[in-house]
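Survey of secondary and tertiary structure
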Amino acid sequence: MLQITDLRAGYGRIEALHGISFEARSGEVTCLIGPNGAGKSTTLLTLAGVVRATSGQVRLEDRDLTSLPTPEIVSCGLSLVPENRLIFQGFSVLDNLRMGAYQRLRTDPAGVMRDIERMLTYFPPLRERRSQEAGTMSGGEQQMLAVARALMANPKMLMLDEPSLGLAPLVVAEIFEILQTLHQDGVSILLVEQNVQWALSCAQHIIVLELGQVVFDGDPDAFSASEVVQQAYLGRRDNGS
Ligand SMILES: Nc1ncnc2c1ncn2[C@@H]1O[C@H](COP(=O)(O)OP(=O)(O)OP(=O)(O)O)[C@@H](O)[C@H]1O
Ligand SMILES: [Mg+2]
């Protein structure tokens, strides 16, 4: 579905992605893991058109997204929930959700209303707080809003950069439960997650990035069986992993 071929990107003269290739398949949760600085966020930002690719190709179904501006990439069906969540702090929950559907606010107001209702069902805490200023909500509620807002664009594939960051374990569990529900409802997901146990619990496909290169690509069973991976990612907690 989402096909990344030999993608290179970076910041100025520094190349962060050295020609990565992988596929995120339709109906699956694909999880991108790897150490700090591996290029996980850069990968999502490049797919979203925020960081420009210097070479390589990104295709979503039959569309070439590689040099499109971000709003067009969103229109093609690829939405990103970035690491810093980027919600509109001073606006209400409902206004944030409307803004997530800005591309069809005028043309399809009834559809937008229906989708807002759907989001409030997926994320019950947001229903209670629908008139609250987004910036005054808890971190977990803001993360839910960021995910809901991205979903308002009706993406074919939803990308999330470390949705668990800075959240208490119970809240993380809640977010992951919602991701599971979305997946069961047919949303394809490309997830960056540092916590390997969480990644393994929800993904059908694991990609490991190290120093801007793909070093593993396979299913969770193959991942757990791989010796190199075991040492680096499934090691004992007392050695810091
Ligand atoms: N805005 C930037 N300007 C310059 N270099 C950057 C910038 N953002 C990231 N980098 C560099 O690009 C490389 C990849 O960073 P990236 O943020 O993609 O890693 P990551 O895998 O998401 O790491 P983390 O797990 O810490 O979030 C790193 O070497 C980083 O220092
Ligand atoms: Mg990152």
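Before reading on, note that the structure itself is shown above.
Residues numbered from 1 in each chain as written. Chains lettered and ligands numbered in written order. Predicted model: local features only at pLDDT ≥ 70, side-chain atom pairs only at ≥ 80, totals over all residues. Heavy atoms only, no water.

The phi torsion of most residues other than glycine is negative, and most of the peptide bonds are trans. The phi angle at asparagine 154 is positive, at roughly 50 degrees, despite the residue not being glycine. Of note, asparagine 154 is situated in the loop between α6 (139–151) and β7 (157–161). By relative accessible area, asparagine 154 is classed as partly exposed at 40%. Although it is not a glycine, glutamate 162 adopts a positive phi angle of roughly 45 degrees. (Helix = DSSP H or I, 4+ residues; strand = E, 2+ residues; numbered from the N terminus. Buried < 20%, exposed > 50% of the residue type's maximum accessible area, 1.4 Å probe, protein only.)

We now examine the site of ligand 1. For ligand 1, the full set of nearby residues is Tyr11, Ala16, Pro35, Asn36, Gly37, Ala38, Gly39, Lys40, Ser41, Thr42, Glu162 and Gln194. Within the contact set of ligand 1, an oxygen atom lies 2.8 Å away from a side-chain nitrogen or oxygen of serine 41. Threonine 42 is positioned such that a nitrogen or oxygen atom in its side chain is 2.5 Å from an oxygen atom of ligand 1. For ligand 1, whose unbound accessible area comes to 630 Å², protein coverage reaches 59%. Here the shell around ligand 1 takes three residues from helix α1 (residues 40–47), the largest share from any one element. (Near = heavy atom within 4 Å. Polar contact = N/O pair within 3.5 Å; in protein donor to acceptor, adjacent residues only side chain to side chain. Areas by Shrake-Rupley, 256 points an atom, 1.4 Å probe, with all protein chains shown as cover.)

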